[in-house]
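# Architecture at a glance
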Amino acid sequence: MAKQDTSTVTIRQTGSPIRRKSDQRATLMGLGLNRMGRESTLEDTPAVRGMIAKVAHMVEVVEK
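Residues numbered from 1 in each chain as written. Predicted model: local features only at pLDDT ≥ 70, side-chain atom pairs only at ≥ 80, totals over all residues. Heavy atoms only, no water.

A word on the sheet that holds strand β2 (residues 39-43). Spatial ordering of the open sheet is given by β2-β1-β3, a layout of 3 strands whose pairing is antiparallel. Since the sheet does not close on itself, it has two edges, and those belong to β2 and β3 (59-62), each with one partner. Averaged over all adjacent pairs, the angle separating strand axes in this sheet is 35 degrees, with direction ignored. Judged from the 5 bridges that link them, strand β1 (residues 8-13) and β2 form a sheet pairing that is antiparallel. Its bridge partner lying in β2, Thr 10 is registered against Thr 41. Along the sheet, helix α2 (residues 46-54) makes contact with β1, β2 and β3, crossing β1 at roughly 20 degrees. (Pairing = 2+ DSSP bridges. Helix = DSSP H or I, 4+ residues; strand = E, 2+ residues; numbered from the N terminus. Axes fitted to C-alpha atoms, helices over the stretch in contact; angles between N-to-C directions. Contact = heavy atoms within 4.5 Å.)

Rendered as C-alpha cells:
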C-alpha cells in the first residue's frame, strides 16, 4: 500500500466563544480550539472546510 499525500489546513482562533450559540462553541471544540490564539492543524476535507465556514468570524486560516 502506497502512502497517500494528504493536505492539511492550519487554523487559528481569533474570536471568543463567549456569548455565541452553543453549536458554534461545539464546532470550535470539534476543530480542536478552545482559547483565543490557539492553532490546530487538521486534514483538509470538505467536512473540516464546512466547520471552518460555520465559525469563519472566529477563526482564520494560517498560511505557512
